Amino acid sequence: MAFKDELKLHFDARIAVVNVVTSEEARVLQELTELANAGPEGEGLYTWDVADQFQCLKPAKVSFDTESEATPDTILGTIEDFAGGATFVLKDFHQVWEARRGVLRGIRNLAARLPESAPRKNIVITTPEHCLPAELKHDVPVLELAKPDAREMDALIERTVGGAGALRGVKPALRGKLVEAALGLGSTQARWVFQKAVVSSRGGQLDERCIDLITAEKRAIIRESGALELYPRVESADRVGGL
């Protein structure tokens, strides 16, 4: 099941609090924005973190004051007291419950109460790794955003370097190899690698030598983090969208 469909299933089932494990917040927010735009009328989408406070990605029908400052001690109450419907994304909220263990009780309370509220409110807690405390394991489901697949990676290379003409003259077979070489990287990592490949190439055009550069960069990331996923080889260019 696609990640966006999985989120929608949880929300429609009135599972109001979910934990999404990912280092790619931008991709999660993109998926949530698409879901919000296609979702119930008047339902908003907001993010919160300690640094930037509330940010509005889609305004709710009922006005929500994004200028109001919420602290880790008041954020959950602010969400519960909001009279409108919305999804709230709490970024790196594990830092809050590690510092304030009492917040765990507040999350459990909301996981029980929000499904009964109207209009609908959801909470998405993003964390970079699996770190859900034992107190929440029976109340908060965990979803994981997979790394980009071949079609997503092909679209990413187009967005990243296509506009600069780096793909001009690149044959489908070579494009498929470039995409395959990047599989297992996150979208941010892949974007950096594609940009490095363009800078290192002759005349700003991607070529066969860029495959070795992408592979070398991926090995370096593996050595550093060990967090990449293994992917099977792409057998043909037909498996990559748009070719």
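Everything quoted here is computed from the prediction, not taken from an experiment.

A. Structural detail: helix α7 (residues 172-182). Extensive coverage of α7 is indicated by the burial of 8 of its 11 residues. Within the sequence span of α7, burial applies to Leu174, Arg175, Gly176, Leu178, Val179, Glu180, Ala181 and Ala182. With its phi angle positive at about 105 degrees, Gly184 sits one or two positions after the end of α7.

B. Layout of the packing of aromatic side chains. Tallying each qualifying case throughout the model produces 8 aromatic pairs. Between the aromatic rings of Phe54 and Phe88, the centroid separation amounts to 6.5 Å while the plane-to-plane angle is 70 degrees, which identifies the pairing as edge-to-face. Placement of the pair is Phe54 in strand β3 (residues 53-58) and Phe88 in strand β4 (residues 86-91), with a sequence separation of 34 residues. Residue Phe54 shares its accessibility class with Phe88, and that shared class is buried. Through a chain of ring-to-ring contacts, the aromatic side chains of Tyr46, Phe54, Phe64, Phe82 and Phe88 assemble into a single cluster.

C. View of the pairing of β4. Most of β4 is tucked away, with 6 of its 6 residues classed as buried. Neither face of β4 is open: one carries Ala86, Phe88 and Leu90, the other Thr87, Val89 and Lys91, and all of them are buried. Note: strand β2 (residues 44-49) against β4, 5 bridges, orientation parallel. Looking at β4, one finds that Trp48 is bridged to Leu90. As judged from the 6 bridges shared by β4 and strand β5 (residues 121-127), these two strands associate in the parallel manner. Note on β5: the bridge partner recorded for Lys91 is Thr126.

What counts, and at which threshold
- Residues numbered from 1 in each chain as written.
- Predicted model: local features only at pLDDT ≥ 70, side-chain atom pairs only at ≥ 80, totals over all residues.
- Heavy atoms only, no water.
- Buried < 20%, exposed > 50% of the residue type's maximum accessible area, 1.4 Å probe, protein only.
- Helix = DSSP H or I, 4+ residues; strand = E, 2+ residues; numbered from the N terminus.
- Phe/Tyr/Trp six-rings, centres within 6.5 Å; stacked < 30°, edge-to-face > 60°.
- Pairing = 2+ DSSP bridges.

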